[in-house]
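Reading the structure
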Amino acid sequence: MIAALYFARFLGSSEDPMDMLDTTSTVAVSLYALLSTAYKSMQAVYSLPTDVSLASHGLGGFDELPSVDVIVPSFNEDPRTLSECLASIAGQEYGGRLQVYLVDDGSENREALRLVHEAFARDPRFNILLLPQNVGKRKAQIAAIRRSAGDMVLNVDSDTILASDVIRKLVPKMQDAAVGAAMGQLTARNRNDSWLTRLIDMEYWLACNEERAAQARFGAVMCCCGPCVMYRRSALASLLDQYESQYFRGKPSDFGEDRHLTILMLKAGFRTEYVPSAIAATVVPNKLGPYLRQQLRWARSTFRDTLLGLRLLPTLNRFLTLDVVGQNLGPLLLALSVLTGLAQLALTGTAPWLAALMIVAMTMIRCSVVALRARQLRFLGFSLHTFINIFLLLPLKAYALCTLSNSDWLSRSSAGNSNQHPTADARTTECSGHATAPRRLKPARHPARRTTSDCMCSDE
């Protein structure tokens, strides 16, 4: 009602342009509030857990437990971080056949990683593939997928620690032959590093337990996140050539693997699911610069796959259309409100108080509802993310839209071997060349101590 009144005033107004700026800002934020309230309310309802999940029925639906291949692409990873990742995979409580393929994608710190490679090569389940040059995460994944033969393929990022029951929790979702992929819940492994990592951890909770959970109600998770996602091999094999040969404006696309492969799964008619009880803790950026570079890559990836995703919407539940519209049109309305509000402040010295108060009110209501639902008061602090969203992420998304053809990962080369966790952005630009034949690492002659993880995977 507020938006309609202001919109009518805007159309029929012959007032001073400065007043029109105020009206425009208020109308835009009012429409944003209406749209966000509509799709966020439905999202909250659809994300509530149900009792119809196959995951709750255990592994009894299989005549024989499916074999699982775990693919771990790695580039310039910190040795301790990689060792903890592999140890969490080695400790999986799963009774079926398990094979692990660690693909070193031409790391510059390979000598520092040698002891880790040798330690895990002693385990007959582990296969260490050493690519002679960096070819990018996508081609590193494909190199391992084409050398493996398990019924299921679990992709794990090299800076991620899996809870001991992740495979046991994901496999039941694959009992339905219509399911092509299922992702687990992500948490920030280094949540306590800084104020930023705490915000990112809350952002991950919302992305998983509201957005993905609501989409999973209709079997259409729009992006199965790469740190922990299981694919059905038969489905993956049919899409592998399309996945490998993604181009944008005539250039190979070197990032956004997770979203693109998910869209391909949905386009092929497979369901994509979310399993909240399968917990994976991944390293997130602990500084603002790496975080913004990561968000820029993700924004470009999202825009690139938007058209392909829009073509799917008529075949999916109407909620998915509202979800996509809300996530894409909402930020545009918010950006318009902020821009006109700033213009009003700069030209007249008066602040757009009504628009500002509406944004503050929406933020506090949203964070309070999430804190109540999660039963965690820390989510009240997520209101700080609103400032990052308005003043950093919205301009960044506008820049991403204007530079879609740029495939630079915007990251620093990281060949360090310290024991400190690297940021999630510590990856170099990925090349699109083809990999030459990898070589396998033979087991070391002398025993090496197995490094275990001292990190806990938790959603608390």
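Everything quoted here is computed from the prediction, not taken from an experiment.

Counting secondary structure elements, the protein contains 13 helices and eleven strands. Classification of the 460 residues of the protein by burial places 54% in the buried group. Across the protein, contacts joining residues at least 24 apart in sequence account for 85% of those joining residues at least 6 apart. Carbon and sulfur atoms make up 59% of the accessible area of the protein, which amounts to about 20,500 Å² in all.

Moving on: the pattern of salt bridges. Counting across every chain of the model gives 21 salt bridges. Between R146 and D241 there is a salt bridge whose closest N-O contact spans 3.2 Å. Remark: D241 occurs in helix α8 (residues 233-244) and R146 occurs in the loop between α5 (137-145) and β4 (152-156); sequence separation between them is 95 residues. The partly exposed category is assigned to R146, whose relative accessible area is 46%. Between K173 and E273 there is a salt bridge, with the nearest N and O atoms lying 3.7 Å from each other. In this pair, K173 sits in the loop between α6 (166-170) and β6 (179-188) while E273 sits in strand β10 (residues 271-282), placing the two residues 100 residues apart along the sequence. The same class applies to K173 as to E273, namely buried.

The subject of this paragraph is helix α10 (residues 288-310). When the terminal C-alpha atoms of α10 are compared, their 32 Å separation across 23 residues agrees well with the 33 Å that a helix rising 1.5 Å per residue should span. Within α10, the axis deviates most sharply at R304, by approximately 30°.

Further remarks concern a nonpolar patch on the surface. A cluster of nonpolar side chains, W195, L288, L342, L345, L384, F387, F391 and L392, forms an exposed patch at the surface whose accessible area comes to about 790 Å². Per element, the largest residue contribution to the nonpolar patch is three residues, and it comes from helix α13 (residues 385-402). One can find F391 in helix α13. By relative accessible area, which is 49% here, F391 ends up partly exposed.

In this structure, V68 and V70 are the most contacted members of the largest nonpolar core, which totals 88 residues. If you tally residues by element for this core, the top one is helix α7 (residues 195-216), at ten residues. Residues contacting V70, with those up to four places away along its chain left out, are I89, L98, Q99, V100, Y101, L154, V156 and I167. Among the nonpolar cores identified, the runner-up in size contains twelve residues, and V29, L35, L333 and L394 belong to it.

Tracing the backbone through its elements, the reader meets Y46 in helix α2 (residues 17-46). Overall, Y46 belongs to the partly exposed group, its relative accessible area being 24%. Along the backbone, Y46 and A213 are 167 residues apart, and their C-alpha atoms lie at a distance of 7.4 Å. Those residues within four positions of Y46 in sequence are excluded, and the remaining contacts are A213, A214, R217, F218 and F319.

A word on the packing of α7 against α10. At a minimum axis separation of 10 Å, α7 and α10 run at an interaxial angle of 30°. On the basis of their axis angle, the class for α7 and α10 is roughly parallel. In this structure, α7 uses W195, L196, I200, E203 and Y204 to contact α10, whose residues at the interface are L288, Y291 and W298. Looking at side-chain class alone, the contact of α7 with α10 contains seven nonpolar, no polar and one charged residues.

Its twelve residues give helix α3 (residues 79-90) an end-to-end C-alpha distance of 16 Å, which sits within 8% of 16 Å, the value for a rise of 1.5 Å per residue. Of all twelve residues in α3, eleven are buried, a share of seventy percent or more. Three or more residues of α3 are buried, namely P79, T81, L82, S83, E84, C85, L86, A87, S88, I89 and A90. Of the residues flanking the start of α3, the one acting as N-cap is D78, its side-chain oxygen 3.2 Å from the backbone nitrogen of R80.

UniProt records the feature "transmembrane region" (unreviewed entry) for residues 353-372 and 379-401 in the present numbering. The span residues 353-372 carries 100% helix and 0% strand; its end-to-end C-alpha distance comes to 28 Å. Strand forms 0% of residues 379-401 and helix 74%; the C-alpha atoms that close the span are 30 Å apart.

The subject of this paragraph is unusual backbone geometry. Although it is not a glycine, N76 sits at a positive phi angle of roughly 55°. The residue N76 is located in the loop between β1 (68-74) and α3 in this model. The exposure class assigned to N76 is buried, which follows from its relative accessible area of 2%.

Our focus in this paragraph is the packing of aromatic side chains. Under the definition given, this model contains five aromatic pairs. An angle of 45° between the planes, with centres 5.2 Å apart, marks the rings of F120 and F126 as tilted. Since its relative accessible area comes to 1%, F120 is described here as buried. Classification of F126 as buried rests on a relative accessible area of 5%. Taken together, Y46, F218 and F319 form an aromatic cluster joined through their ring pairs.

Bringing the pairing of β6 into the picture now. When you tally the buried positions in β6, you get ten out of ten residues, the bulk of the element. Where β6 lies against β10, nine bridges are found, and the strand directions are parallel. Bridge pairing in β10 links G184 to V275. Where β6 meets strand β7 (residues 228-232), three bridges bridge the pair, whose relative direction is antiparallel. Bridged to A182 within β7 is M230.

Definitions and limits used
- Residues numbered from 1 in each chain as written.
- Predicted model: local features only at pLDDT ≥ 70, side-chain atom pairs only at ≥ 80, totals over all residues.
- Heavy atoms only, no water.
- Helix = DSSP H or I, 4+ residues; strand = E, 2+ residues; numbered from the N terminus.
- Buried < 20%, exposed > 50% of the residue type's maximum accessible area, 1.4 Å probe, protein only.
- Contact = heavy atoms within 4.5 Å.
- Areas by Shrake-Rupley, 256 points an atom, 1.4 Å probe, with all protein chains shown as cover.
- Salt bridge = Lys/Arg side-chain N within 4 Å of Asp/Glu carboxyl O.
- Expected span 1.5 Å × (residues − 1).
- Bend = angle between axes of the 7 residues up to and from the residue.
- Patch = residues over 30% accessible without salt bridge, like charges linked within 9 Å, V, L, I, M, F, W, Y side chains within 5 Å.
- Core = buried A, V, L, I, M, F, W, Y, C linked by side-chain atoms within 4.5 Å.
- Axes fitted to C-alpha atoms, helices over the stretch in contact; angles between N-to-C directions.
- Parallel < 35°, antiparallel > 145°, perpendicular 65-115°, else oblique.
- Nonpolar A, V, L, I, M, F, W, Y, C, P; charged D, E, K, R; others polar.
- Polar contact = N/O pair within 3.5 Å; in protein donor to acceptor, adjacent residues only side chain to side chain.
- UniProt positions renumbered as here; feature names shortened; annotations may be inferred.
- Phe/Tyr/Trp six-rings, centres within 6.5 Å; stacked < 30°, edge-to-face > 60°.
- Pairing = 2+ DSSP bridges.

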